[in-house]
Amino acid sequence: MAERTEERTRDADASGNDLGVDVGATESTDGDVAVGKSRTAEASTTDDGGSYFSLRALLFAFGAVGGGMVLGGLIPLVPATELVGVLLGGFVYGLLASERRYLEVGLAGGVSGGVVAVLSLLPQLAAGLNGPRLFAIAGGIGLVLALVGHYFGRDLRSGLTREL
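Rules of the game
As a convention, each chain's residues are numbered from 1 in the sequence order in which they are written. Restriction of local features to residues with pLDDT of at least 70 applies here, the model being predicted, together with a cutoff of 80 or more for giving and counting side-chain atom pairs; totals for whole chains, interfaces and linings are based on all residues. The side-chain figures draw on all heavy atoms in the structure; neither hydrogens nor water molecules are used. We count a stretch as a helix when DSSP gives it H or I for four or more residues in a row; a strand needs E for two or more, and each element gets its number in order from the N terminus. Categorising residues by exposure relies on relative accessible area from a 1.4 Å probe, with only protein chains included: less than 20% of the type maximum marks a residue as buried, more than 50% marks it as exposed, and the intermediate range marks it as partly exposed. Contact criterion: two residues are considered in contact whenever any of their non-hydrogen atoms come within 4.5 Å of each other. What pLDDT reports is the predictor's confidence in each residue, on a scale of 0 through 100. Each residue after the first adds 1.5 Å to the expected span of a helix. Working definition: the arc comes from the directions between the helix axis and the C-beta atoms, pointing outward to the latter. Whenever two N or O atoms come within 3.5 Å, that pair is a polar contact, provided that in protein one can donate a hydrogen and the other can accept it, and provided that, for residues adjacent in sequence, both atoms are side-chain atoms.

With that settled, consider the overall build of the chain. Counting secondary structure elements, the chain contains seven helices and zero strands. The buried share of the chain, taken over its 164 residues, is 27%. For the chain, the share of sequence-separated contacts (at least 6 apart) that also reach a separation of at least 24 residues comes to 67%.

Counting all residues, the mean pLDDT for the chain is 78, and 70% of those residues have values of 70 or more. The lowest-confidence element of the chain is helix α2 (residues 39-48), averaging 42 in pLDDT; the highest-confidence one is helix α3 (residues 55-73), averaging 94. Across residues 16-29 the pLDDT falls below 50, and counting only partners more than four positions away or on other chains, this stretch makes 18 contacts in the model. For residues 31-48, every residue scores under 50 in pLDDT, and the model assigns this stretch 14 contacts once sequence neighbours within four places are set aside.

For the rest of this paragraph, the subject is α3. Helix length check: α3, at 19 residues, gives a terminal C-alpha distance of 26 Å against a target of 27 Å (1.5 Å per residue), a fit within 8%. Within the span of α3, buried status applies to A57, L58, A61, A64, V65, G68, M69 and G72. Seen from one end, α3 has its buried residues packed into an arc of 130°, which puts them on one side. Residues of α3 that are exposed and point more than 90 degrees away from the buried face comprise L55, R56, L59, F60, V70 and L71. On its buried face, α3 is in contact with α4 (81-96) and α5 (102-120). For α3, the capping residue at the N-terminal end is S54, with a side-chain oxygen 3.4 Å from the backbone nitrogen of R56.

Right, here's the structure in full:
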């Protein structure tokens, strides 16, 4: 059957009107070629190697981390519960995401942690508190907490989805 598929592919290449789809391929004996997949589509998916950054994932990460910070901020009389919310948001995102997105979650945690710290201490900034240093410290803490939460969420996801 593999010979017929190769023969059809050679005929389509020779005719000059190849649309990039191997219509006749219904079965494959090769282990590396998927059933019904064209050679051009296969080459395009293996050449790009995946994406290291996704704007959509970044927006979802900001939503998860922001939601965690809001939930953490609802706890009264306990200081720095927003930081626990960053950890929770990263954990939930890692639990729900199908791919590893450490860059997006880290960026969302760092920026969100820094912005919330600066905005919550805005009156003290006017009195002489160093704003960039505060942003850097809180952003670093938010970055680490979001990455730790994402790691443990991914770990739990892999444990739940693994076959016994």
